[in-house]
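Single-letter residue listing:
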Amino acid sequence: LPSHLRGTERKEMVDWLVARVLSRRPRAAASDEALFDRAMHLGRRYVPGADPLSVRWVVNQQKRWASCTAETGEIRLSHRLQGVPEWVLDAVLVHELAHLVYPDHSPRFHDLADRFPRQSEAATFLEGYALGLDAGPALPDESSPG
């Protein structure tokens, strides 16, 4: 974004850029069903034992990228992730799937989540992406479990 943009102009530019990315990457705004299927594929590959009941997009998460309720098997991803590269979305999904096995941020949890080879790189991407969104949500590890 141009550094001179402030306030409403800055927000309008971000909205325009996100819409432009989504129009060029139709899979980025995949349905909840496609998101669930992607999570199941990633779970089989990286997180044995993770069995989500639902995986869906939500618009009410402004403080974090995603959340997981291990007791119910529900995973929710912020709609703000719809414009990120697929490998970043995959890293977030693997992180949340790992919470179905370990509902904390213990070393065992990180060993499992880090089976996804670009987990650390995705965290770095999301840190910069949050800055670009101007007060974006915290990284998964910086918030409460989920």
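Before reading on, note that the structure itself is shown above.
For the structure given in this document, a descriptive report is provided here. (Residues numbered from 1 in each chain as written. Predicted model: local features only at pLDDT ≥ 70, side-chain atom pairs only at ≥ 80, totals over all residues. Heavy atoms only, no water.)

Within the chain, the regular secondary structure consists of five helices and three strands. Mapped from its N terminus to its C terminus, the chain presents α and β elements in the order α-α-β-β-β-α-α-α. Within the chain, the fraction of its 146 residues that count as buried is 41%. Taking contacts inside the chain between residues at least 6 apart in sequence as the whole, the part at least 24 apart equals 60%. Put simply, the chain shows about 8,100 Å² of open surface, and 53% of that area lies on carbon and sulfur atoms. (Helix = DSSP H or I, 4+ residues; strand = E, 2+ residues; numbered from the N terminus. Buried < 20%, exposed > 50% of the residue type's maximum accessible area, 1.4 Å probe, protein only. Contact = heavy atoms within 4.5 Å. Areas by Shrake-Rupley, 256 points an atom, 1.4 Å probe, with all protein chains shown as cover.)

With 34 residues, the main nonpolar core has Leu-77, Leu-81, Leu-89, Leu-93, Leu-97 and Leu-126 as its most contacted residues. Elements with a minimum of two residues in this core: α2 (32-46), β1 (54-58), β2 (66-69), β3 (74-78), α3 (86-101), α4 (107-113) and α5 (119-132). No other element matches the nine residues that α3 contributes to this core. Ignoring any residue separated from it by four or fewer positions in sequence, one finds Leu-77 in contact with Leu-35, Val-55, Arg-56, Trp-57, Val-58, Trp-65, Ala-66, Leu-89, Val-92 and Leu-93. (Core = buried A, V, L, I, M, F, W, Y, C linked by side-chain atoms within 4.5 Å.)

Moving on to the side chain of Gln-119. Inspection of the secondary structure assignment puts Gln-119 in helix α5. Accessibility expressed as a relative area gives 11% for Gln-119, which makes it buried. When near neighbours in sequence (up to four residues on either side) are disregarded, Gln-119 contacts Ala-91, Val-94, His-95, Ala-113 and Asp-114.

Right, let's get into the sheet that holds β3. Spatially, β1-β3-β2 is the arrangement adopted by the three strands of the open sheet, whose pairing is mixed. Pairing within the sheet leaves two strands with one partner each, and these edge strands are β1 and β2. Adjacent strand axes in the sheet meet at a mean angle of 15°, parallel and antiparallel pairs treated alike. Looking at chain direction, β2 and β3 are connected through four bridges and run antiparallel. Bridge pairing in β3 links Thr-69 to Glu-74. Against the sheet, α3 touches β1, β2 and β3, its axis set at about 20° to β2. (Pairing = 2+ DSSP bridges. Axes fitted to C-alpha atoms, helices over the stretch in contact; angles between N-to-C directions.)

Okay, the packing of aromatic side chains next. In the structure shown here, the tally under the stated rule is four aromatic pairs. Their ring planes at 75° and their centres at 5.3 Å tell us that Tyr-46 and Phe-116 sit as a pair that is edge-to-face. Taken together, the residues Tyr-46 in helix α2 and Phe-116 in the loop between α4 and α5 connect sequence positions 70 residues apart. Phe-116 gets classed as buried once you look at its relative accessible area, which sits at 6%. Aromatic rings pair up to connect Trp-65, Trp-87, Phe-125 and Tyr-129 into one cluster. (Phe/Tyr/Trp six-rings, centres within 6.5 Å; stacked < 30°, edge-to-face > 60°.)

Structural measurements only, silent on function.
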